[in-house]
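Chain residues, written in single-letter form:
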Amino acid sequence: MKRTFLKALAVTALGSFIGTAAYAADITGAGASFPYPIYAKWAEGYKAATGTGLNYQSIGSSGGIRQIRAKTVAFGATDAPVKGEDLDKDGMVQFPAIIGGTVPVINVEGFKPGELRVTGPVLAEMFMGTIAKWNDPKFAALNPGKSLPDQAITVVHRADGSGTTFNWTDYLSAVSKDWADKVGKGAAVKWPAATSVGGKGNEGVAANVGRIKGALGYVEYAYAKRNKLTHLQVQNKAGKYVNPTEEAFASAAAGVDWFSVPGMGVSMVDPTGDASWPISTASFILMYKDPADKAQSAEVLKFFDWSFKNGKKMASELDYVALPDSLTEQIRSKVWSQIAK
């Protein structure tokens, strides 16, 4: 079923609305492309169960923040959590909705997904352009016995303001002082590699990696699978090489103290644990405490309440990690209780 659903999500559909002819546009939201596949799946189930539809624009985290601040949607979605002081200034609450992982993907002929390995520091050098070919000695040393081509690396990155980019650059900053000093982290950064190409949304990056020979990019794992892209194994903080899996994302989330940061905006990059995927992340929802359209806001909470209760299997089918019941109960009592009905 997982493969069937992912195959059904055409690239063009990923950049469009969850709605139009298929769904009644009863709930409006916009933002991160990272969680789009699971929101689409939840919307399908919720529509069948309740008759209420979801109209969600996959426009990137920065776009989602702009839309909710402009009050053109009932909720915004971002993978780069908004800081507590900004939430207070805007009169908003924030809560995680789903957990997943960002993966490095390549277009190098002759290799299966997970066959090649990389460490964080070497990955940072590749994205900086200081490692510019696939047969560079540093990358080759991590992959002994592999016939790597004398082929230029083309870095593929997000062209829009992106929470996926925020988390990706947060990770590179954590594992590479050189990256932290020269590039840093953010929803948009100045990409230093001499040969680089931008793509809009996770879907745009995935399409460019699939098209450009020698490409190296980063996407949410569901996009890598749907587009049949080759991912790299990555060495985690424990020194273990791991593949992106639901279990690896769950391991990364296991020790997170969600309420240790205002707005629950905890970074999950470079976590401890032998099985942990090093570039795991949550995707967050933004809503107003005193919404202008209280009926629409109430419908949003009903949608996520239903999804938290009924959407775990759907999340697993797409290799996301659903939030545990203990956490969703805390979200209901500590966060949703702040939203005026």
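The rules we used
- Residues numbered from 1 in each chain as written.
- Predicted model: local features only at pLDDT ≥ 70, side-chain atom pairs only at ≥ 80, totals over all residues.
- Heavy atoms only, no water.
- Helix = DSSP H or I, 4+ residues; strand = E, 2+ residues; numbered from the N terminus.
- Buried < 20%, exposed > 50% of the residue type's maximum accessible area, 1.4 Å probe, protein only.
- Contact = heavy atoms within 4.5 Å.
- Core = buried A, V, L, I, M, F, W, Y, C linked by side-chain atoms within 4.5 Å.
- 1 Å grid on protein atoms, 1.4 Å probe; cavity = no way out; pocket = protein on both sides within 12 Å on 5 of 7 lines; lining within 4 Å.
- Points joined across faces, edges and corners; volume = space filled by probe spheres on them.
- Nonpolar A, V, L, I, M, F, W, Y, C, P; charged D, E, K, R; others polar.
- Pairing = 2+ DSSP bridges.
- Phe/Tyr/Trp six-rings, centres within 6.5 Å; stacked < 30°, edge-to-face > 60°.
- Lys NZ or Arg CZ within 6 Å of the ring centre and 35° of its normal.

(A) Spatial organisation of the overall build of the chain. From N to C terminus, the chain includes 15 helices and twelve strands. Dimensions along the principal axes, computed over C-alpha positions, put the chain at roughly 60 × 40 × 35 Å. Out of the 341 residues belonging to the chain, those deemed buried represent 57%. Counting contacts in the chain only where the partners sit at least 6 residues apart, residues at least 24 apart contribute 75% of the total.

(B) Inspection of the nonpolar core at higher detail. By size, the foremost hydrophobic cluster in this structure holds 96 residues, and its most contacted members are F95, F127, W258 and F304. The element best represented in this core is strand β4 (residues 92-106), accounting for eight residues.

(C) How the structure looks around the layout of surface pockets. Estimates place the volume of the largest pocket at around 220 Å³. The element that contributes the greatest number of residues to the lining of the largest pocket is helix α8 (residues 163-175), accounting for three residues. Of the residues assigned to the lining of the largest pocket, the class counts are seven nonpolar, six polar and four charged.

(D) Representation of the sheet that holds strand β5 (residues 117-118) in the model. Taken in spatial order, the three strands line up as β5-β10-β11 in an open sheet, and their pairing is mixed. Looking at strand neighbours, the two that pair on one side only are β5 and β11 (241-242), the edges of this open sheet. The pairing of β5 with strand β10 (residues 233-235) spans two bridges and is classified as parallel. What sits directly across from R117, in β10, is Q233.

(E) Summary view of the packing of aromatic side chains. For the coordinates displayed, the defined rule picks out 23 aromatic pairs. Note on Y36 and Y56: the rings are 6.4 Å apart at their centroids and 35° apart in plane angle, and the pair reads as tilted. Taken together, the residues span a long stretch of sequence, with Y36 in helix α3 (residues 36-50) and Y56 in strand β2 (residues 54-58) at a distance of 20 residues. For the pair Y36 and Y56, a shared accessibility class is recorded, and that class is buried. Aromatic pair Y39 and Y56: ring centres 5.5 Å apart, planes at 90°, arrangement edge-to-face. Placement of Y39 in helix α3 and of Y56 in strand β2 is noted, with a sequence separation of 17 residues between them. With respect to class, Y39 is no different from Y56; both count as buried. Clustering of aromatic rings is evident, with ring pairs tying together Y36, Y39, W42, Y46, Y56, F75, F95, F303, F304, W306, F308 and W336. Positioned over the ring face of Y288 is K71, at 5.1 Å from the centre of the ring.

Shape is all these values report; function is a separate question.
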